[in-house]
Amino acid sequence: MVEKLLKFVSVERHTPEKRAVAERRDDFGEIYRDFDPDNGAEQAARCSQCGIPFCQVHCPLHNNIPDWLMLTAQGRLEEAYEVVAATNTFPEVCGRICPQDRLCEGNCVIEKGFGGVTIGAVENYIVETAFERGWIKPARPRRELASSVGIVGGGPAGLAAADRLRRMGYQVALYDRYDRIGGLLIYGIPNFKLDKFVVERRVALLEEGGVVFHKDFEVGRRESFESLRARHDALLIATGVYDARDMTMPGSGLANIAQGLDYLIASNRKGLGDRVPAFDSGALDARDKHVVVIGGGDTGMDCVRTAVRQGAGSVTCLYRRDRDNMPGSRREVSHAMEEGVHFEWLAAPEALLGDGVVDRVKALRMRLGAPATDGRQSIRPIAESSFTLPCDLAIKALGFDPEDLPAAFDSPTLKLTRHGTLKVASHSMMTSLDGVFAAGDITRGADLVVWAIKEGRDAADGIDAYLRGKTANRGAAMAAAE
Ligand code: FAD
Ligand code: SF4
Ligand code: SF4
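Residues numbered from 1 in each chain as written. Chains lettered and ligands numbered in written order. Predicted model: local features only at pLDDT ≥ 70, side-chain atom pairs only at ≥ 80, totals over all residues. Heavy atoms only, no water.

Asker: Is there a simple way to explain the overall build of the protein in this structure?
Answerer: Tallying secondary structure elements over the protein gives 19 helices and 16 strands in all. For the protein, the C-alpha radius of gyration of 24 Å lies close to 23 Å, the compact-globule estimate for 482 residues. Each principal axis of the C-alpha distribution contributes one length, and for the protein these read about 85 × 60 × 45 Å. When burial is assessed residue by residue, the protein has 53% of its 482 residues classed as buried. Taking the intrachain contacts of the protein between residues at least 6 apart in sequence as the baseline, contacts between residues at least 24 apart amount to 69%. In the structure as shown, the protein presents an accessible area of about 21300 Å², 50% of it carried by carbon and sulfur atoms. The positive charge centre, built from 61 side chains, and the negative charge centre, built from 68, are 2 Å apart in the protein. (Helix = DSSP H or I, 4+ residues; strand = E, 2+ residues; numbered from the N terminus. Rg over C-alpha atoms; globule rule 2.2 N^0.38 Å. Buried < 20%, exposed > 50% of the residue type's maximum accessible area, 1.4 Å probe, protein only. Contact = heavy atoms within 4.5 Å. Areas by Shrake-Rupley, 256 points an atom, 1.4 Å probe, with all protein chains shown as cover. Lys, Arg positive; Asp, Glu negative; His and termini not counted. Charge placed at Lys NZ, Arg CZ, Asp CG, Glu CD.)

Asker: Looking at this structure, how should I read the packing of helix H15 (residues 298–309) against helix H16 (residues 330–338)?
Answerer: Two measures define how a pair of helices packs: the angle their axes make with one another and the distance between the axes. Where H15 contacts H16, the axes come no closer than 10 Å and their chain directions differ by 20 degrees. By the criterion of interaxial angle, the relationship of H15 to H16 is roughly parallel. When the axes of H15 and H16 are compared, the crossing they make is left-handed. On H16, the residues touching Met 301, Val 304 and Arg 305 of H15 are Glu 332, Val 333, His 335 and Ala 336. Looking at the contact of H15 with H16 residue by residue, the class counts come to 4 nonpolar, 1 polar and 2 charged. (Axes fitted to C-alpha atoms, helices over the stretch in contact; angles between N-to-C directions. Parallel < 35°, antiparallel > 145°, perpendicular 65-115°, else oblique. Left-handed = near helix turned anticlockwise from the far one by under 90°. Nonpolar A, V, L, I, M, F, W, Y, C, P; charged D, E, K, R; others polar.)

Asker: Would you explain the site of ligand 2 in this entry?
Answerer: Residues in close proximity to ligand 2 total 13 residues, the closest being Cys 59, Asn 63, Cys 98, Cys 104 and Glu 123. When residues of the shell around ligand 2 are traced back to their parent elements, those giving at least two are helix H4 (65–73) and helix H8 (119–132). Residues of the shell around ligand 2, tallied by class, amount to 9 nonpolar, 3 polar and 1 charged. (Near = heavy atom within 4 Å.)

Asker: What exactly am I supposed to notice about the packing of helix H9 (residues 156–168) against helix H19 (residues 449–481) here?
Answerer: Contact geometry for H9 and H19: axes closest at 7 Å, N-to-C directions at 35 degrees. For the pair H9 and H19, the sense of crossing is right-handed. Two secondary-structure elements touch here, H9 through Pro 156, Ala 157, Ala 160, Ala 161, Arg 164, Leu 165 and Met 168 and H19 through Val 449, Ala 452, Ile 453, Gly 456, Arg 457, Ala 460, Asp 461, Ile 463 and Asp 464. In terms of residue class, the contact of H9 with H19 is made up of 11 nonpolar, 1 polar and 4 charged.

Asker: Looking at this model, I keep getting lost on the sheet that holds strand S6 (residues 257–259). Mind explaining?
Answerer: What the 5 strands build is an open sheet, ordered S6-S14-S7-S8-S9; its pairing is parallel. Each edge of the open sheet carries a strand with a single partner, namely S6 and strand S9 (342–344). On average, each strand axis in the sheet is tilted by 25 degrees relative to the strand beside it, whichever way the strands run. One ladder, built from 3 bridges, connects S6 with strand S14 (residues 393–396); its direction is parallel. Bridged to Gln 259 within S14 is Lys 396. Against the sheet, H15 touches strand S7 (290–294), strand S8 (314–318), S9 and S14, its axis set at about 170 degrees to S8. (Pairing = 2+ DSSP bridges.)

Asker: Before we go on, may I ask you to explain the sheet that holds strand S1 (residues 148–152) in this structure?
Answerer: The strands that make up a sheet are held in pairs by hydrogen bonds between backbone atoms, and each pair lies either parallel or antiparallel. Strand order in the open sheet formed by 5 strands is S3-S2-S1-S4-S16, and the pairing between neighbours is parallel. Looking along the sheet, the strands with just one partner apiece sit at the ends: strand S3 (212–214) and strand S16 (436–438). Across the sheet, the axes of successive neighbouring strands diverge by a mean angle of 20 degrees, strand direction being ignored. Seen against the sheet, H9 touches S1, strand S2 (171–175), S3 and strand S4 (234–237) and runs at an angle of roughly 165 degrees to S2.

Asker: Explanation requested: the site of ligand 1 in the structure shown.
Answerer: Taken together, 35 residues form the shell around ligand 1, and within it Ile 97, Asp 176, Lys 193, Tyr 242 and Asp 441 come nearest. Separating an oxygen atom of ligand 1 from a backbone N or O atom of Asp 441 is a distance of 2.9 Å. Take Leu 448: an N or O atom from its main chain is 3.4 Å from an oxygen atom of ligand 1. Coverage of ligand 1 by the protein chains reaches 97% of its 1000 Å² of free accessible surface. For the shell around ligand 1, the secondary structure elements donating two or more residues are H9, H15 and H19. Among the elements that take part in the shell around ligand 1, H15 stands out by supplying 3 residues, more than any other. Here the residues of the shell around ligand 1 are counted per class, giving 18 nonpolar, 9 polar and 8 charged. (Polar contact = N/O pair within 3.5 Å; in protein donor to acceptor, adjacent residues only side chain to side chain.)

Asker: Sorry, what's going on with the side chain of Asp 285 here?
Answerer: Note that Asp 285 resides in the loop between helix H14 (277–280) and S7. Buried charge without a partner: Asp 285 forms no salt bridge, and the closest opposite charge is Arg 287, 4.9 Å away. Within the structure, Asp 285 has its side chain in polar contact with the backbone nitrogen of Arg 287 (distance 3.1 Å). In contact with Asp 285, other than residues within four places in its own chain, are Phe 279 and Gln 310. (Salt bridge = Lys/Arg side-chain N within 4 Å of Asp/Glu carboxyl O.)

This is the structure in structure tokens:
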């Protein structure tokens, strides 16, 4: 079967077919089509089965990539699926939206010279085949356990933990303040990267497997954190980070200036068929407007590409560093450029101008200086380099900080790191409170879905060890009392 592999010399790297720009600019559908079976197997067969697979080392979940590629190349897709599912709870999500250029594929040994193996696309192909053929089933634990676990937050971290704990047999209740489950997978990330159906399909499976979802349930408001803690044997906090960073500059108070996530939530809700007054009034609709997005991360890229699809007159991204230093995925920047987004690299906003309503952005050219302590090059403004851009809708996409959870949960002993994220023990993911665990962006700061999944799985294991310890202690105490 080895002859089926090592084809990187004779077979070129191909991603699944990308829809034409003219077509995809007009709708919110995912931009890649699926691999057909021949292409999936052929691309998997490019793998050289490295002794030290750097792809696996650089995947946060340490997925067993060489094995699933080999099984796919050999047409053993059900076994490939089992290998994929052993380490990743939502591989079809990661296959679509991991920044593979920075993780697995960017570290594939044949990347230089031949082009890395299309790992994400093959991962997605395996899982979509598994769904199609009915291999993916809801949790059916071998035995039900009496202990109950409460999970606060239904993003990828909370959902990954819920899946793992339920499969172990725990009674799992998940609370989310939103009316839909999925966190940023539903309300942040647009459909052209991740179709809502992909998330809804998983949520339905979890529900079928016995996870109980409590929607519109904001912990700290609807019920106190302490009361919830008393109701469950263990609690997981997976609330993400949502305090949007801001910058004050002259004109910040003008109308038609939005926060990136508010803009994306409005667009996502509209796509889901909700009534969205801020969109319907035109305030968060980019149609026919000159849109300027400030910031070059994932949120910024999703905003510019959403504005294109809403029919904006022009879309410009202002970013204070250059393309090489952008925090977002390079692949997403290329997609945005193909779709007609104009980038002003090395440019920072100075003021928002207009009479009541923004109509221009004044910006200043920057240059890169010596690396700062964090390793990133510092930036300096270039004197007398101001320029203006027309702008009817300015969107700020400057990143997120965690909210003050000890205050929101009225729990002052919940310890924080110096970054304001929740402090957890690395081996167990337990916070400073006994039986309270945390995972995802709320412990790492704004990061990636794959890391949220990893931490959700780790926290589930930490909770399992904690609850088993508690049961064992209770048993020992009872035995001693007899
Ligand atoms: P979240 O997904 O934020 O979920 C937290 C959940 O907790 C939410 O549903 C929230 O409603 C709920 N919650 C909060 N407080 C409470 C409370 N008090 N009571 C009840 N519920 C509460 N990552 C990638 O890997 N690839 C990408 O392409 C990508 N694109 C992104 C685009 C955007 C616009 C954004 C903002 C992020 C993007 N990310 C991307 C990052 C990724 O979405 C996050 O890292 C990931 O979702 C974090 O998962 P989480 O479960 O920790 O938190
Ligand atoms: Fe690559 Fe992400 Fe899949 Fe890991 S989970 S193999 S990083 S696409
Ligand atoms: Fe295969 Fe590339 Fe991983 Fe090597 S690094 S095992 S070639 S996918």
